[in-house]
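Results of the structural survey
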Amino acid sequence: MANSLVDPVLDGLDTFLAWISSGTKATIDSNCEIQTADSPTVLVTNDGSLLSVIRVDGVSKLIGPEEFNDISKNLLKTLSPFMSNEGHCMQVVFSYDQNLVSDEIYKNYAPTRDTIKRLGLSLDDLVAERRSHLSKYCASEEVYLVIWTKVESLSREQLNKAMAKKTKQLAEKNAPVFRYTQNILAAIPDLRDSHDSSIKSVITNAAGFNLKLELLEVHDAIKAIRNLTDRNFTDPNWSAVLPGDRIRPKLAKSFNGDLADLTWPAISKQIFPRDGYNFSIDSTAVGDYAYGTVFIDLFPLEMQSFNALLSRLLHANIPWRISYLMESGGVSSVRMKKALSTILAFSSSENRLIANGIELLEYIELNTDDSSVKLQVSLCTWAPRNDPALLKVRTSILARAVEGWGSCDVSQVCGDPFEGYIATLPAVSSKSPATATIASLSDSIQMLPLFRPTSPWDKGALLFRSPDGKIWPYQPGSPIQTTAIDLIYARPGSGKSVLSNALNLALCLMGGLKRLPRVSIVDIGPSSSGLISLLKEALPPEQRHLAAYHRMRMTEEYSINPFDTQLGCRYAAPAERAFLVNFITLLATPVGKDAPYDGLSDMVGLVVDEAYKSTADDANPHIYTMTTDPEIDAILQDMGFVSDSKTSWWEVVDALFIAGFVQDAMRAQRYAMPLISDLASICRTGAVEDLYGKITTPTGESLIAAFARMISSSIREYPVLSRYTKFDISGARVVSLDLDEVAKAGGAQSDRQTAVMYMLARYVLTKEFYLNVGSIAHAPDAYRSYHESRVADAQEDPKRLVFDEFHRTSKALAVRNQVVEDMREGRKWRVQVALLSQSIEDFDSIMVDFATSIFVMDAGPEQAIQKTQKTFGLSQSAVLALRNYVRGPGEGGATMLGQFATKKGTTTQLITLTLGPIELWAFSTTTEDYILRNKLYDRLGPVEARKLLARIFPSGSAAKFLLARAQKAKDSGAKIDSKAKEGLVSALADELVSEYRKNPNFSSLTN
């Protein structure tokens, strides 16, 4: 490559200057070029040049060769206009430190900790475990882009005019001399337009090719620099003092009466609160750490990507930093060398090569959009200043890694180690002691650390990570997405349920919550029971009813009357009525048929209205009968309520509510409502007969007769629909209904039952979701203020509806239509919808269209990969990542492909969910683990049980341990059936409890 042919050799002057600098003791002030601030986002250097600091968060899509080339070309187009002109400089700094990631995680969870405290949850141990466990797999990364517009960008004439104008203004205003403070008049105004234009171009264009940048305000920029210089000496709330900030003047020993000495303190003193010194020829100390530096002297023939260097250092466990300094006018800086090398070409073939290389770069500049730059690369690592041996080891590791980065030549000695350290800091200096190489801008861009993955969320109650260890926050229900509709799919055993539990918990711990959100889970099996148990035990004792798990059964005690209305309301709200029509239509659809008879749905609407009319106060309300509910009888007696043979349940409801017995009024209202069984007679009333009496069905019977027959059949088949509501979960906010016993797969009858139970579960779980002003339009005046308060809470609360094993609804058209409706209407009600299944084909195309968060937990066979690519329009890089990395849970967590639609665009990334052993045990859905966990919960309590299981089985499962014991028993001749396996689990539970009581801190078992 042409640029690598021009590797400047330190000439006599360079050597002389290096020797001079090594013998002097330059001050920190002489190394820091930043003088003051010129605007909210622009700093000024000593000579009047301008600079801005931009934080680089990374790219929002998977980067493969094609994406890498596209972004590189776009960056080239963005940077070339100013980097091709004299007087511009650009620096990119990347810092990597595994020791800081714990603090980064802690800071991310600050809103979560506030929510935990506000809600009174005992989950501090879980958040602490997340911090400690995730820190093992991640590191803190910081990337900064610094852009200078230097005085050299002005022509000689422009510069002379600008300096003359500035001198005149200073003289007219009798400006003081700023000896020890910031020179607030340092900026050269003529540079401002050019600088602002360059910065605006970079920020605007970067957004167009998925590169996330943030232009830092000057206080944030100075703080970022100071954190890199002396983090241990910097409080998290520290802020630089800059022009415009309030100051308290202090008198320096050297104060001579000049007012300038009483203004804002020098930035160099603020960036470097403690002095530095060189203690060897290749290391320097600043604050608590000693730094060793490495410089690239000779670049490889083929420029290497930054990720190639990062991958070499990922497992080295050393902190390090790299700085790329690029200055415009690369070719012009070596034109004298070109002339000399051309003249002396006859004496050396190397001189001829140098001349040829420069000519090629000149050709590129003249005939392409590319430009040449002077490139200098410096690196450093650090260790405690009292451990020079460790610093030496780390510096050697860093040097070897760089040497292997495309066969670079490196050096450690630069003359002044402190100057070398300064060169690795962003914005402090535009000079570097590293060997300068003339390179094309396009080649330089390919080496930069600008392509790291980033999350569109700044913070989140759930932290994923990139597979190579960068923190990736996520927050379900965040305002950066217009809607929150999740699709999670993978083959069994791929971690879907664990992810779902983690997402649900993240919503419960979302920053800013005043109370638990409403999370409703339609489950198949005990997948969500761990989450419910975790929350229940974390809540204060008096609030543990807020989290509930129920295993639904087809018995009378689980009776649910879908005709129940909001308290005091004689008629259903619009959303409730719409559900009722859908639900009853489903009951009246012939088994095995996808659609009801023609006209049936319309008739059901009329029947529902007539049912409510029949039980209203002005019709035939249900009469209050004593002994129906002894508790209510007792309360009424204490109240002095007098009833007679015409007293209705509605009168009882009103009396209880007015007396302040709200919960009892709700229970009494159940007896005032119509029942599904009433519909068989209501459908034969005159209002219905007049409209639908003459319609016949394909079976030859009338539509009314067919409806009555199928409703009567449903009452016999589904006892839970035959009575007034007994199953009450109205007090719970995080609820899971396990439908495993009542939603079986099988023939047409099983499919029907599954559909009915899914719909019924959806009704009972979302009864509090869809409250608004319209919901209480028919409420009596006495109930209005009560419902207005509930409506305000409902509109404020995040709500989430989760359907697990969604493939069970494949034959339940009514359920799927209802889910689509929930997706359509979810935004205005703040309702999130999450669907979990085993294949992308389990979701209708319209569900895929609505989805805003997609989680692919297992790639599956090749045809599944191709289907996923086609459905979501994945790039070839995403397909390759899906094929090679998405294989279900592993030692470091479960890596998945995530695609997220936000207001700023679509993000596609490989992300890994890495949970600690306590959380894994809380969420585990493996049968053996579930049984073992529950046995220990009963005997030790959930908190201690999880701690014990996490200590003994840190993988989050005892399945392998039990399998080994089963194999051992089998080898000894024992018969291992399901009963024997359960016995092994019980024996293990007994053993764990026994050992725990002997020593609560014991940490191992033997097979």
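Residue positions within a chain follow its written sequence, with the count starting from 1. Per-residue local features of the predicted model are confined to residues with pLDDT of at least 70, and side-chain atom pairs are confined, for both listing and counting, to 80 or more; whole-chain, interface and lining totals are unaffected and use all residues. Side-chain measures here rest on the full set of heavy atoms in the structure, leaving out hydrogens and waters.

To find the voids left in a structure, one rolls a probe of water-molecule size over its atoms. Buriedness of a pocket was judged along seven lines, with at least five required to meet protein on both sides within 12 Å; pockets are open sets of points on a 1 Å grid over the protein atoms alone, cavities are sets where a 1.4 Å probe fits but cannot get out, and lining residues have an atom within 4 Å of a point. Grid points are joined across faces, edges and corners, and a volume is the space filled by probe spheres set on the points. Counted by the stated rule, this structure contains six cavities of 30 Å³ or more. Space inside the largest cavity adds up to approximately 60 Å³. Residue lining of the largest cavity: S497, S500, N501, N504, I521, D523, S527, S528, V802, D804 and L836, and that is the complete set. Segments assigned H or I by DSSP are reported as helices when at least four residues long, segments assigned E as strands when at least two residues long, and all are numbered from the N terminus. Of all elements in the fold, only α17 (496–508) and β17 (518–523) reach the threshold of two or more residues within the lining of the largest cavity.

Pairing of aromatic side chains requires ring centres within 6.5 Å, counting the rings of Phe and Tyr and the six-membered ring of Trp. Pairs whose planes differ by under 30 degrees are stacked, by over 60 edge-to-face, and all others tilted. This model, assessed by the stated rule, comprises 39 aromatic pairs. Centroid distance Y474 to F855: 5.8 Å. Interplanar angle 90 degrees. Geometry classified as edge-to-face. Taken together, the residues Y474 in strand β15 (residues 471–474) and F855 in strand β22 (residues 853–856) connect sequence positions 381 residues apart. When a residue's accessible area, from a 1.4 Å probe over protein chains only, is under 20% of the maximum for its type it is buried; when over 50% it is exposed; and in between it is partly exposed. A residue is classified by how much of its surface remains accessible, and Y474, at 1% relative accessible area, is buried.

For the purposes of this section, nonpolar cores are sets of buried Ala, Val, Leu, Ile, Met, Phe, Trp, Tyr and Cys residues that join through side-chain atoms within 4.5 Å. If you look at the biggest cluster of nonpolar residues, it comprises 116 residues, and the most contacted ones within it are L679, F707, L721, L739 and L835. Here this core gets ten residues from one element, more than from any other, and that element is helix α27 (residues 748–765). Whether two residues are in contact is decided by their heavy atoms: any pair within 4.5 Å suffices. Those residues in contact with L721, other than ones at most four positions away along the chain, are I560, P562, F583, L587, I676, I715, V756 and L760. If you look at the next biggest cluster of nonpolar residues, it comprises 57 residues, including W472, V519, L531 and A547.

Only the stretch in contact is used when fitting a helix axis, every axis being a line fitted to C-alpha atoms; angles between N-to-C directions are given from 0 to 180 degrees. At a minimum axis separation of 11 Å, helix α21 (residues 630–639) and helix α22 (residues 649–658) run at an interaxial angle of 60 degrees. Of the possible angle classes, the one that applies to α21 and α22 is oblique. Classified by chirality, the crossing of α22 by α21 is left-handed. Together, I632, I635, L636 and M639 of α21 and W649, V652, A655 and L656 of α22 make up the contact between the two elements. Of the residues that constitute the contact of α21 with α22, the class distribution is eight nonpolar, no polar and no charged. Between 65 and 115 degrees an angle is taken as roughly perpendicular, under 35 as roughly parallel, over 145 as roughly antiparallel, and anywhere else as oblique. Two helices cross in a left-handed way if the nearer one is turned anticlockwise from the farther one by less than a right angle. They cross in a right-handed way if the turn is clockwise. Residues are sorted three ways: Asp, Glu, Lys and Arg are charged, Ala, Val, Leu, Ile, Met, Phe, Trp, Tyr, Cys and Pro are nonpolar, and all the rest, Gly among them, are polar.

This paragraph deals with the environment of I682. As for its position among the elements, I682 is in helix α24 (residues 679–682). Using a relative accessible area of 9% as the deciding quantity, one classes I682 as buried. With 158 residues separating them in the primary sequence, I682 and I840 have C-alpha atoms 43 Å apart.

This brings us to the pattern of salt bridges. Salt bridges are counted wherever a side-chain nitrogen of Lys or Arg sits within 4 Å of a carboxyl oxygen of Asp or Glu. Counted by the stated rule, this structure contains 47 salt bridges. Its salt-bridge partner being D617, residue R570 comes within 2.6 Å of it at the nearest N-O pair. In this pair, R570 sits in the loop between β18 (547–551) and α19 (574–587) while D617 sits in the loop between α20 (600–615) and α21, placing the two residues 47 residues apart along the sequence. Accessibility expressed as a relative area gives 9% for R570, which makes it buried. For the salt bridge of E862 with R883, the shortest nitrogen-to-oxygen distance reads 2.8 Å. Of the two residues, E862 is situated in helix α31 (residues 862–872) and R883 in helix α32 (residues 876–885); the sequence distance between them amounts to 21 residues. The exposure class of E862 is partly exposed, given its relative accessible area of 37%.

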